Amino acid sequence: MPSLAVPVQGGDWDGGSLPPGVHHCASTLGASLQMQCVLAAGGLSRSRSCPLEGRSSRAALNWAPCIWVATPCGEQIHREVQVEVAKKHIAYHMDKFGYRKPNVEFLQGYMEKLRDAGLADDNYDIVISNCVINLAPDKRAVLREAYRVLKPGGEMYFSDVYASQRLSETVKKHRVLWGECLGGALYWRDLYSIAEEVGFSPPCLVTASPITIIDKELEGIIGDCRFVSATFRLFKVPGSSQAGPGQVIYNGGIMGHERELVFDANFTFKEGEVVDVDAEMAAILGSSRFADKFLIQAGRANAAAPQGCCFKGVKEKICDPFQLLERLAAPGPACRPGGTCGPPGCC
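For every chain, the first residue of the written sequence is number 1, and numbering continues from 1 onward in sequence order. Per-residue local features of the predicted model are confined to residues with pLDDT of at least 70, and side-chain atom pairs are confined, for both listing and counting, to 80 or more; whole-chain, interface and lining totals are unaffected and use all residues. Excluded from the side-chain calculations are hydrogens and water; all other atoms, namely the structure's heavy atoms, are used.

A. Quick look at the overall build of the protein. Each helix is a run of H or I in the DSSP string that is no shorter than four residues. Each strand is a run of E no shorter than two, and both are numbered from the N terminus. Of the regular secondary structure elements, the protein holds eleven helices and 15 strands. Relative accessibility thresholds used throughout: buried, under 20% of the residue-type maximum; exposed, over 50%; partly exposed, between the two (1.4 Å probe, protein chains only). Of all 347 residues assigned to the protein, the portion counted as buried reaches 52%. Here a residue-residue contact requires only that any non-hydrogen atoms of the pair lie within 4.5 Å. Across the protein, the fraction of contacts at a sequence separation of at least 24, relative to all contacts at a separation of at least 6, is 79%. Note on areas: these come from Shrake-Rupley sampling with a 1.4 Å probe, and a residue is covered only by the protein chains present in the view. About 15800 Å² of surface is accessible on the protein, with carbon and sulfur atoms providing 53% of the total.

Dropping the structure here:
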């Protein structure tokens, strides 16, 4: 299966390093926590194939024990070579980072059938994927398997391509569009319904970046549909953790995020700052690996709580990645996901 070249810009990862969103997730794990991770690597799509001998494998080896699942989206021989190339570099990285035994295992399997690859139930802290779920015909099965292998409180952190509407059969069956991760793109609203159906908490939108198609022929096939590259976080929140809204204070201490943790596009937590959170975020923080990094109190703000520009109340959430794109592109005061747009001097 040859790789397909088509003039699509934006939303790509060149495979040379962990993508920004995944790198952020990796840095918040903390190597000392010794977490079990599953990372999904794709197959032959041009810019989305994963050269495991590059910096991406070094980062994985350095920050946490993990299993790297090479998900098959190309020919069998390519997948086997990809896994074997990765295995050849394990010894090099063990020596470079001072490990006496490997803390990474490379497996070959289907995202929809992780059990067949030997991944047990309730066994992993985090599942990371970068732009390969769109290549899976059964996306419900992908999320079901991720949910199955995660421990209670575990997280699925992933980037992918999403569409502004459900795709026509013509777009889905177009070989070039499929090869470039557009023909298999999920309608963004369907992600929310599938996540709820599987059992995950509502998706937390982290980042969004535009995808621009400059080929006139492909534009005619796609019509008025738009595409976006977006990163989401899903959490396996135990039923016993469900509660009402509350207030949280970030204690700091996460390596690389000691003073401020940009959790997603809606919540940024600064060390020592009181933040109102909704029930969903309260449950996520209280049941996940972040629990010991936060002081969590039930109930809403009261008169004795700190007020003013340093007090963050619950605001309307951004769930639509296309809406986030518009907000990021809008003129006005500098604004970043999860941050505050305010006058100079406002913390």
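B. How the structure looks around the sheet that holds strand E11 (residues 246-250). DSSP calls a pair of strands paired once it identifies at least 2 bridges connecting them. With antiparallel pairing, the three strands of this open sheet are ordered in space as E14-E11-E15. Of all strands in the sheet, those with a lone pairing partner are strand E14 (274-277) and strand E15 (294-298), marking the two edges. With strand direction ignored, the average angle separating the axes of adjacent strands in the sheet is 25 degrees. Pairing geometry for E11 and E15, over five bridges, is antiparallel. Residue Ile 249 lies in a different strand from E15, and its bridge partner there is Leu 295. Throughout, an axis means a line fitted to C-alpha atoms (over the contacting stretch in the case of helices), and angles, computed between N-to-C directions, take values from 0 to 180 degrees. Where helix H10 (residues 279-287) meets the sheet, its contacts fall on E11, E14 and E15, and the angle it forms with E15 comes to roughly 135 degrees.

C. Up close: the pairing of strand E6 (residues 150-163). Across the 14 residues that make up E6, a large majority, twelve, are buried. Pairing between strand E5 (residues 124-130) and E6: six bridges, direction parallel. From the neighbouring strand, Asn 130 faces E6, where its bridge partner is Ser 159. Taken together, E5, helix H5 (residues 139-149) and E6 constitute a β-α-β crossover, and its handedness is right-handed. Relative to strand E10 (residues 227-235), E6 runs antiparallel, the two sharing nine bridges. Orienting the strands away from the viewer, one traces the path from the first strand over the helix to the second; a clockwise path indicates a right-handed crossover.

D. Region of the structure containing helix H8 (residues 188-198). Inspection of H8 places Trp 188, Asp 190, Leu 191, Tyr 192, Ile 194, Ala 195 and Val 198 among the buried residues, and these make up the whole buried set. Buried residues along H8 sit in contact with H5, E6, strand E7 (186-187), strand E8 (204-210), E10 and helix H11 (321-329). Phi turns positive one or two residues past the end of H8, at Gly 199, with a value near 125 degrees.

E. Summary view of the side chain of Arg 233. Tracing the sequence through the fold places Arg 233 in strand E10. Any pair of nitrogen or oxygen atoms within 3.5 Å is treated as a polar contact; in protein, a donor-acceptor pairing is required on top of that, and neighbouring residues in sequence qualify only through side-chain atoms on both sides. In terms of polar contacts, Arg 233 uses its side chain to reach the side chain of Glu 155, at 2.5 Å.

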